[in-house]
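# Results of the structural survey
Given next are the chains, with one letter for each unit.
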Amino acid sequence: MIDHLTALVDELDTARIREGAIRLLSEIGMAVPSPEVVRRLQAAGVQIEKGRAFFRPEAVAAFMDRRRQEAAPEPAEQPLRLEAGSHCLYEFCPEKRRVQPLTMASLERWTRLVGALRTRGTLASAFCPGTPSDVPPHLAPLWQQFIGARFLADPPIYAYSPAYAPHASAMAEVLGRELSVGVHPISPLVLGGDELALALRLLDEGRIKTTGVAPMPVMGVTAPLDWVAAWAQALAEAVGTGLALEAAGMERVWVLAALYVADLRSGTFVFGSAEHALITLAEAKVNRELLGSARRGAKAIDTTAKEPGPQAAIEKTAHTLAALLGGYRSLNCVASLAIDEIFSPEQLFIDLDIVAHCERIARGVEGRFGEGDVVALVQEGVDAQQYLTAEATLDRFRAFHQASATFDRRSTGSWLADPRTELDRARDLAQEAIDGYQYELDQNRQRALKEIIARADAALRLGG
């Protein structure tokens, strides 16, 4: 896989990061707030002192070495893989041109949109984009799962927390699917939270044997503002949680060291910034060299912009180009604004054009467009006094040029005759995809899922 940008992160000392992670887990340890988790770890032989779990240096090193030895080599090249997000609370309404809460009706509309693009092969997967605001809050995650199941053929089913586990499990059984579970440790160096409790519960119930771990420390907020120390903490949180889950009986734990940045004036996450793009490149280096891990999907199409416009365009394009030039071929958060809080159907199609634009640059000067006889190719144009009708032009132009669905590249005169904006074209493309989408879950299974939600209502109200 061609990586044009390794020099940007060459100075990042992964040997010091590894040493730092080993020392953090053996000298500082991880806080364990749950007495039940303390009991389980002690029973498995993990050292617990004053509510913190400590891991022997040789055990930490062995875990990382084992992961690296088991890793498969990265392929020379991979197909492009795009995914939309699933955490939105709002939409940028294409008709009203404003941000507003998602509802059941709007989520049905946008789920059909991502389903249509999944069916076309444009998106690699499809999810219900977010949670509805017009249902009881304690049922919103389950209604999100219902909408996904209703309009998508293969939606993931998430449990989110132990309280939702029995209801999500029942929905998964109706659909013949398995629960998706992941653990994000709490920073700095805390072994706890609902996701950890959920993973342990599902392990005890025999529902899962493997899970993934990815911390989310933020430089200058929940991690040091230092490249080596912050990555050492991220690695320690990932490996320490992995060791704890293995001690509890998990057969296989996939771990990833991840790091984030914030606007230190407000403390909020910042996606799409220059620093975030560098973290994407550094993440590939840290995980490959220390854990043997292949690149996960880059959150390169994320932005902190709240509506389609210049900020979204700049942040999405710069990060996407850096990720593609850095060897990434899987990109996440198509259609997202405000990190992953706002879904925009118009931004979705603009994002597809941004990715295509950047991917064309990443392909570079391709040899297949330099294989002809030089004299013959030029002579054809000399004879005709132009090359628009030349055989090579007619044969190659579709593959050579990156055609845009939303960006306007016509002359000013042509545009003045039909001055439609990029958002207008994107909105029309979205509606066309929705209108042509047909899939819907059968009524019997829809009814069964609604009955599960009805039972969950009473249980969750009582805290069960």
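Quick caveat: nothing in here was measured; it's all calculated off a predicted structure.

### Some details on the overall build of the protein
Secondary structure assignment for the protein yields 16 helices and 16 strands. On the principal axes, the C-alpha backbone points of the protein span a range of 85 × 55 × 40 Å. For the protein, restricting intrachain contacts to residue pairs at least 6 apart in sequence, the fraction spanning at least 24 positions comes to 72%. Element-wise, carbon and sulfur atoms account for 55% of the exposed surface of the protein, whose accessible area totals about 21700 Å². Between the averaged position of the 49 positive side-chain charges in the protein and that of its 60 negative side-chain charges there is a distance of 4 Å.

### Section: the nonpolar core
Note on soluble globular proteins: their nonpolar side chains tend to be buried together. If you look at the biggest cluster of nonpolar residues, it comprises 126 residues, and the most contacted ones within it are W231 and L348. Per element, the largest residue contribution to this core is 12 residues, and it comes from helix α8 (residues 227-247). Counting 8 residues, the second-largest nonpolar core is a separate cluster that includes V218, L256, A262 and I339.

### Some remarks on the sheet that holds strand β2 (residues 47-49)
Spatial strand order, β1-β3-β2: 3 strands in an open sheet with antiparallel pairing. In this open sheet, the two strands that pair with only one neighbour each are β1 (30-31) and β2. Where β1 lies against strand β3 (residues 52-54), 2 bridges are found, and the strand directions are antiparallel. Residue pairing in the sheet places M30 in a bridge with A53 of β3. Set on the sheet, helix α1 (residues 14-28) makes contact with β1 and β3; between it and β3 the angle comes to about 125°.

### Here we look at the state of the cysteines
Taken as a whole, this structure holds 0 disulfides when the rule is applied. With no disulfide of its own, C93 lies closest to C88 among cysteine sulfurs, the gap being 14 Å.

### What about the side chain of S169?
Positionally, S169 belongs in helix α6 (residues 165-175). Among all residues touching S169, those that are not within four sequence positions of it are L179, L202 and R207.

### A closer look at the pairing of strand β11 (residues 252-255)
Covered by surrounding structure in β11 are V253 and V255 only, the residues R252 and W254 on the alternate face being uncovered. As judged from the 4 bridges shared by strand β10 (residues 210-213) and β11, these two strands associate in the parallel manner. The residue of β11 that forms the bridge with T211 is V253. Traced from β10 through α8 to β11, the parallel crossover comes out right-handed.

### Here we look at the confidence of the model for the protein
Per-residue pLDDT for the protein has a mean of 92; in total, 98% of the residues score no lower than 70. Within the protein, strand β8 (residues 179-180) has the poorest average pLDDT of any element, 80, and β1 the best, 98.

### Topic: the packing of aromatic side chains
Under the definition given, this model contains 6 aromatic pairs. Relative to F343, the ring of W110 has its centre 5.9 Å away and its plane inclined at 35°; by these criteria the two rings are tilted. Residue W110 is found in helix α4 (residues 104-120), and its partner F343 is found in strand β16 (residues 342-343); the two are separated by 233 residues along the sequence. Across this residue pair, the class does not change: W110 and F343 are buried. Across from the ring centre of F63, 4.3 Å away, lies the NZ or CZ of R67, which sits over that ring. Directly above the aromatic system of F400 lies the positively charged group of R360, at a separation of 5.4 Å from the ring centroid.

### Notes on the sheet that holds strand β6 (residues 98-101)
An order of β6-β5-β16-β15 is seen for the 4 strands of this open sheet, with the pairing classed as mixed. Of all the strands in the sheet, just β6 and β15 (336-337) have a single pairing partner and so form its edges. Two elements, β15 and β16, share 2 bridges in a ladder whose sense is antiparallel. If you follow L337 over to β16, its bridge partner there is I342.

### Things to note about a negative patch on the surface
Taken together, E380, D383, E391 and D395 make up a surface patch of like negative charges. Listed by contribution, the elements that provide at least two residues to the negative patch are α12 (374-384) and α13 (391-400). As for its placement among the helices and strands, D383 is situated in helix α12.

### A closer look at the pattern of salt bridges
If the charged atoms of two oppositely charged side chains come close together, the side chains can form a pair. This structure, assessed with the given rule, holds 35 salt bridges. Between R461 and D457 there is a salt bridge, with the nearest N and O atoms lying 2.8 Å from each other. Here R461 pairs with D457, and both are found in helix α16 (residues 443-461), just 4 residues apart, close to one helical turn. Judged by relative accessible area, R461 falls into the exposed class, the value being 57%. Counted as one network, the salt bridges with shared partners bring together R97, E346, R420, D424, R427 and D428.

What counts, and at which threshold
- Residues numbered from 1 in each chain as written.
- Predicted model: local features only at pLDDT ≥ 70, side-chain atom pairs only at ≥ 80, totals over all residues.
- Heavy atoms only, no water.
- Helix = DSSP H or I, 4+ residues; strand = E, 2+ residues; numbered from the N terminus.
- Contact = heavy atoms within 4.5 Å.
- Areas by Shrake-Rupley, 256 points an atom, 1.4 Å probe, with all protein chains shown as cover.
- Lys, Arg positive; Asp, Glu negative; His and termini not counted.
- Charge placed at Lys NZ, Arg CZ, Asp CG, Glu CD.
- Core = buried A, V, L, I, M, F, W, Y, C linked by side-chain atoms within 4.5 Å.
- Buried < 20%, exposed > 50% of the residue type's maximum accessible area, 1.4 Å probe, protein only.
- Pairing = 2+ DSSP bridges.
- Axes fitted to C-alpha atoms, helices over the stretch in contact; angles between N-to-C directions.
- Disulfide = S-S within 2.5 Å.
- Right-handed = clockwise from strand over helix to strand, strands pointing away.
- pLDDT = per-residue confidence, 0-100.
- Phe/Tyr/Trp six-rings, centres within 6.5 Å; stacked < 30°, edge-to-face > 60°.
- Lys NZ or Arg CZ within 6 Å of the ring centre and 35° of its normal.
- Patch = residues over 30% accessible without salt bridge, like charges linked within 9 Å, V, L, I, M, F, W, Y side chains within 5 Å.
- Salt bridge = Lys/Arg side-chain N within 4 Å of Asp/Glu carboxyl O.

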